[in-house]
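Spelled out, the chains give:
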Amino acid sequence: MSQGPRSGLYAVSSALLAMSRHLEVRDVLKTIVASARELLDAQYAALGVPDDHGGFAQFVVDGVSDAQWKAIGPLPRQHGILAAMLHEARPERLADVRKDPRFEGWPAAHPDMSDFLGLPIRDGDEVIGALFLANKNRPKENQEDCSAPDGGCGFTEDDQELLTILAQHAAIALTNARLYERSRELTIAEERSRLAHELHDAVSQKLFSLRLTAQAAAALVDRDPARAKGELHQVAMLAAEATEELRAAVIELRPAALDEDGLVATLRTQIQVLDRAHSAHVTFAGHGVRALPAAQEEAVLRVAQEALHNALRHSGAGRVDVTLEKRGTGTVLRVSDDGTGFEPTAIRAAGRHLGLVSMRDRSSGVGGTLSVESAPGKGTTIEMEVPGG
């Protein structure tokens, strides 16, 4: 086997375990590419997932800086060596890719590559990706041997065998990630349907009451101004409640800017908005939390939103504190309020009312746990812990 810095059975095992930890397709692709480059000790690695139009739906690289990648320009098309791997579904190991008759050049900002190893990633008979590496690292003392006719200073047959094993497991990880994302899409569709019903039941009723109350106020303006004034106060209250219902639904439907800003920044921004919009004082503190897998970040954000909604709408709290911190090998979200609280023995009824069932489902769905502490007049603390971070 190739004698890179992490060659051997342990390195293979580490790479396969890393791939199995992630459920999001993008995270799986990044892990495959990084694992392949480290395992075979190459300068560059990339993985392309083809679309149906001669291009790539996704293309992930490792060993290229963000600035370089931006300067390179649009994603490559399926041509040259890439097309051969995708359409002929066979490995390609070349001493110098630039000398291959199929080579068609690359953009000016593209790093210079010579020795090349590429394999298709297959799910049964379907090619679902192309994984390739370039420029195998080698000790300086061996640089003079690069002109050897067998291309011995590049990738070897052992490297190809190792990458073949990795590609087989990559196909499993990528297929599982696609199935997971499809499952999530179906769950989101179901959730949107539920929200639509809730909007119809809650907001429509409020708007209907608002219309009737406004009509009553209009009828009373001339003959009973005092009663008309009371009806108008009721109109204002109903309008505020309808606005709150809509705001809660919009927050739940709106895609969070997790990819761009990360969990900590997204939570901080949303809590600042809530602090300005409500009479209760809402605070946030984040301590030592690094990026989590995408599914975990979304689950933590949704639980935080649900807990905040409960505290601000139902508890009568004057203060709500949100913290996100590292604890051992996990990350902990805590939402505490000084509101009315509830009796723990009535947890089942409260759980239905406060959405605790959905919060627990979100937590367990990403390998986490949820705990609730409350007592009448003592406020409520909801704590969610997920692995990682």
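Shown above is the structure to which this text applies.
Our subject in this report is the structure included herewith. (Residues numbered from 1 in each chain as written. Predicted model: local features only at pLDDT ≥ 70, side-chain atom pairs only at ≥ 80, totals over all residues. Heavy atoms only, no water.)

**What about helix α2 (residues 25-40)?**
Over its 16 residues, α2 extends 23 Å from the first C-alpha to the last, a length consistent with the 22 Å expected when each residue adds 1.5 Å. With its phi angle positive at about 55°, D41 sits one or two positions after the end of α2. (Helix = DSSP H or I, 4+ residues; strand = E, 2+ residues; numbered from the N terminus. Expected span 1.5 Å × (residues − 1).)

**What to know about the sheet that holds strand β9 (residues 369-374)**
Across the sheet, 5 strands lie side by side as β6-β7-β8-β10-β9; this open sheet has mixed pairing. Two strands bound the open sheet, and with one partner strand each, they are β6 (281-287) and β9. Along the sheet, successive strands turn relative to each other by an average axial angle of 10°, direction set aside. Pairing geometry for strand β8 (residues 330-337) and strand β10 (residues 380-387), over 8 bridges, is antiparallel. The partner of D337 across the bridge, within β10, is T380. In this fold helix α8 (residues 294-314) packs onto β6, β7 (319-327), β8, β9 and β10, with an angle of close to 180° to the strand it touches most, β10. (Pairing = 2+ DSSP bridges. Axes fitted to C-alpha atoms, helices over the stretch in contact; angles between N-to-C directions. Contact = heavy atoms within 4.5 Å.)

**Looking at the pairing of strand β2 (residues 56-62)**
In terms of strand pairing, strand β1 (residues 42-50) meets β2 through 6 bridges, oriented antiparallel. Within the sheet, the bridge partner assigned to P50 lies in β2 and is F56. Linkage of β1 to β2, two consecutive antiparallel strands, is achieved through a turn of 5 residues, within which G54 is found at a positive phi near 85°.

**Overview of the environment of A57**
With respect to the helices, strands and loops of the structure, A57 is situated in strand β2. When the C-alpha atoms of A57 and L75 are compared, they prove to be 9.1 Å apart, with 18 residues separating the residues in sequence. Discounting residues that sit within four places of it in the chain, A57 has contacts with V49, P50 and D51.

**Concerning the packing of α8 against helix α10 (residues 356-365)**
Where α8 contacts α10, the axes come no closer than 9 Å and their chain directions differ by 165°. Viewed along their axes, α8 and α10 adopt a mutual orientation that is roughly antiparallel. Relative to α10, the crossing made by α8 is left-handed. Mapping the contact onto sequence places A299, R302, V303, E306, A307 and N310 in α8 and S358, M359, R362 and S363 in α10. Of the residues that constitute the contact of α8 with α10, the class distribution is 4 nonpolar, 3 polar and 3 charged. (Parallel < 35°, antiparallel > 145°, perpendicular 65-115°, else oblique. Left-handed = near helix turned anticlockwise from the far one by under 90°. Nonpolar A, V, L, I, M, F, W, Y, C, P; charged D, E, K, R; others polar.)

**Focus: the environment of A130**
When you line up the elements, A130 lands in strand β5 (residues 126-136). Sequence separation of A130 and G118 is 12 residues, and the distance between their C-alpha atoms is 7.1 Å.

**A few points about the packing of aromatic side chains**
Counting across every chain of the model gives 5 aromatic pairs. Between the aromatic rings of F59 and W69, the centroid separation amounts to 6.0 Å while the plane-to-plane angle is 5°, which identifies the pairing as stacked. Here F59 is found in strand β2, whereas its partner W69 is found in helix α3 (residues 66-72), with 10 residues between them in sequence. Measuring from centroid to centroid gives 5.6 Å for F116 and F132, while their planes differ by 25°, and the two rings are stacked. Here F116, found in strand β4 (residues 116-123), pairs with F132, found in strand β5; they are 16 residues apart in sequence, far enough to count as distant. Accessibility assignment for this pair places F116 and F132 in one class, buried. Feature note: the residues F56, F59, W69, F116 and F132 constitute an aromatic cluster, connected by ring pairs. (Phe/Tyr/Trp six-rings, centres within 6.5 Å; stacked < 30°, edge-to-face > 60°. Buried < 20%, exposed > 50% of the residue type's maximum accessible area, 1.4 Å probe, protein only.)

**Observations concerning the pattern of salt bridges**
Close approach of charged atoms allows side chains of opposite charge to pair. In total, this model carries 13 salt bridges according to the counting rule given. Among the ionic pairs, R98 bridges to D96, the shortest N-O distance being 2.9 Å. With relative accessibility at 18%, the residue D96 sits in the buried group. (Salt bridge = Lys/Arg side-chain N within 4 Å of Asp/Glu carboxyl O.)

**Here's the deal with the nonpolar core**
Counting 33 residues, the largest nonpolar core has L267, L308, V320, L324, L333 and M384 as the members making the most contacts within it. If you list the elements that add at least two residues to this core, you get α7 (258-277), β6, α8, β7, β8, α10 and β10. Top contributing element to this core by residue count: α8, with 10 residues. Dropping the residues within four chain positions of it, M384 is found in contact with A299, V300, V303, T331, V332, L333, S363, V366, T369 and L370. (Core = buried A, V, L, I, M, F, W, Y, C linked by side-chain atoms within 4.5 Å.)

**Looking at the sheet that holds β5**
Read across the open sheet, the 5 strands follow the order β2-β1-β5-β4-β3; overall the sheet is antiparallel. Among the strands making up the open sheet, the edge pair consists of β2 and β3 (92-94). Averaged over all pairs of adjacent strands, the angle between their axes in this sheet comes to 15°, without regard to strand direction. Each of β1, β2, β4 and β5 touches α2; the most contacted strand, β2, lies at about 40° to it. In this fold helix α4 (residues 80-88) packs onto β1, β2, β3, β4 and β5, with an angle of close to 140° to the strand it touches most, β5.

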